[in-house]
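Spelled out from the first residue to the last, the chains are:
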Amino acid sequence: MTGIVYKSTGSWYTVKSEQGDFIECRMKGKFRIKGIKSTNPIAVGDVVDYELEETSDTVTGTIYNIHERKNYIVRKSVNLSHQMHIIASNIDRVFLLITVNNPPTTFNFIDRFLITAEAYGIETVLVFNKIDTFDEATLDEQLYMQHVYQEIGYKCLRVSSTEMLGIEALQEMMIGKVSMFSGHSGVGKSTLVNAMEPSLHLKTKTISDASKQGQHTTTFAEMYDLSFGASIIDTPGIKGFGMVDMEKAEISGYFPEFFKLKDQCKFNNCLHKDEPKCAVKDALEKDEIAWSRYNSYLKILEGDEEHYRTDIYNEDRMESDETRK
């Protein structure tokens, strides 16, 4: 029998059958997926083959095969630096939820997420949430962030779950697709899903006043079928986004505005760092590339994971302010 994994709790997987039934399944033995060192061999969104177990009192299943994935999105495992965690697979579109200061989402975090999605061929839409809470300064900052990414070519939406602003536009982009919501804890992923589908009653929590950080409400990734013809994968909040290992020469290829200029650099293997006659650095000097993006690129190029995991919020702010002068 064949189905789709809708929820993963580590040892049990909720699989939706082709007939629309949900069956709790376990994994048969150890899966070895070619080329992937993953802490979770089966992820939400996977198409799997399973067989029913007739020995137990309740009907359960055993997964014995995973179909080839069209894509997946990953991050480094928190505890195992050389392994990665597959957040979800077979995604049509990912919506990265961004809040300016409640909690803060930095350029560096956004860029790390975007190049990972680019590397795995997944379209990303940036969703600026909680726009009903903005004062004038916050609005200015949000519009600047939006401008940076729209200039590159990323689609951006502005929404408010509480005021139902921008919700229809978001729903239209989700119809007929499997979408994933991601972002920091506290950016409002579950609240936004509830706004679109109130019957789900997903758990939500308020932001911690002391730390301005979100509190985890989603423990495991889970897929939901929505009444307007869409499916959404709600994911646990991500604090940091450690990069999966990439060759230095390929990193710039996942920055679309860098990739466009690559052929204009003097050297074919230009890393856009210290080389002479670099088209990317020339564009940076002319303000045709945002400094925040170049700064993110350098940090990723240098493998500055430890620095990234510290509080870089104020540093990102200072750099964005310099860019705007």
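Parameters at a glance
- Residues numbered from 1 in each chain as written.
- Predicted model: local features only at pLDDT ≥ 70, side-chain atom pairs only at ≥ 80, totals over all residues.
- Heavy atoms only, no water.
- UniProt positions renumbered as here; feature names shortened; annotations may be inferred.
- Helix = DSSP H or I, 4+ residues; strand = E, 2+ residues; numbered from the N terminus.
- Contact = heavy atoms within 4.5 Å.
- Buried < 20%, exposed > 50% of the residue type's maximum accessible area, 1.4 Å probe, protein only.
- Salt bridge = Lys/Arg side-chain N within 4 Å of Asp/Glu carboxyl O.
- Core = buried A, V, L, I, M, F, W, Y, C linked by side-chain atoms within 4.5 Å.
- Phe/Tyr/Trp six-rings, centres within 6.5 Å; stacked < 30°, edge-to-face > 60°.
- Lys NZ or Arg CZ within 6 Å of the ring centre and 35° of its normal.

If you check an unreviewed UniProt entry, the protein chain appears there as Small ribosomal subunit biogenesis GTPase RsgA from Flavobacterium muglaense. The protein chain has a UniProt comment under Sequence similarities (unreviewed entry) that states "Belongs to the TRAFAC class YlqF/YawG GTPase family. RsgA subfamily." Heading Subcellular location (unreviewed entry) of the UniProt record for the protein chain holds this comment: "Cytoplasm".

Asks: Tell me about the UniProt feature "binding site: Zn(2+)" (unreviewed entry) in the protein chain, and name the residues and values.
Replies: Taken from the UniProt record, the annotation "binding site: Zn(2+)" (unreviewed entry) applies to Cys 265, Cys 270, His 272 and Cys 278. On the secondary structure map, Cys 265 appears in the loop between helix H6 (256-259) and helix H7 (279-285). Apart from the residues within four sequence positions on either side, Cys 265 is in contact with Cys 270, His 272, Lys 277, Cys 278, Ala 279 and Val 280. Looking at the element boundaries, Cys 270 is found in the loop between H6 and H7. Classification of Cys 270 as buried rests on a relative accessible area of 3%. When residues no more than four places from it in sequence are discounted, the contact partners of Cys 270 are Lys 262, Cys 265, Glu 275 and Cys 278.

Asks: Pulling in residues and values, what's your account of the pattern of salt bridges?
Replies: Overall, the coordinates contain 9 salt bridges when judged by the stated rule. With a closest N to O distance of 3.0 Å, Arg 93 and Glu 123 form a salt bridge. Of this pair, Arg 93 sits in strand S8 (residues 93-98) while Glu 123 sits in strand S9 (residues 123-128), and the two are 30 residues apart along the sequence. Where Arg 293 meets Glu 257, a salt bridge forms, and the shortest distance between an N and an O atom there is 2.7 Å. With Arg 293 in helix H8 (residues 291-301) and Glu 257 in helix H6, this pair connects stretches of sequence that are 36 residues apart. Comparing Arg 293 with Glu 257, the two get one shared label, buried. Here the salt bridges share partners, and the residues they tie into one network are Arg 93, Glu 123 and Lys 155.

Asks: Tell me about the nonpolar core, and please be specific about residues and values.
Replies: Counting residues in hydrophobic clusters, the biggest one holds 31 residues, and the most contacted among them are Ile 73, Ile 110, Leu 126, Tyr 149, Met 180 and Ile 233. Mapped onto this core, the elements with two or more residues apiece are strand S7 (84-89), S8, helix H1 (107-119), S9, helix H2 (136-152) and strand S11 (178-182). Ranked by residues supplied to this core, first place goes to H1 with 6 residues. Discounting chain neighbours no more than four positions away, the residues touching Leu 126 are Leu 96, Ile 98, Ile 110, Leu 114, Tyr 149, Lys 155, Cys 156 and Leu 157. Within the second largest apolar cluster, 20 residues are counted, among which are Phe 95, Phe 181, Leu 202 and Tyr 224.

Asks: Report on the packing of aromatic side chains, specifying residues and quantitative values.
Replies: Note on aromatic pairs: each is described by the distance of the centres and the angle between the planes. For the structure on display, the rule yields 12 aromatic pairs. Ring plane angle 75° and centroid distance 5.8 Å describe the contact between Phe 95 and Phe 181, whose orientation is recorded as edge-to-face. Highlighted residues: Phe 95 in strand S8 and Phe 181 in strand S11, separated in sequence by 86 residues. Across the pair, exposure class does not vary: Phe 95 and Phe 181 are buried alike. Looking at Arg 69, its charged tip hangs above the ring of Tyr 72, at a distance of 5.8 Å from the centre.

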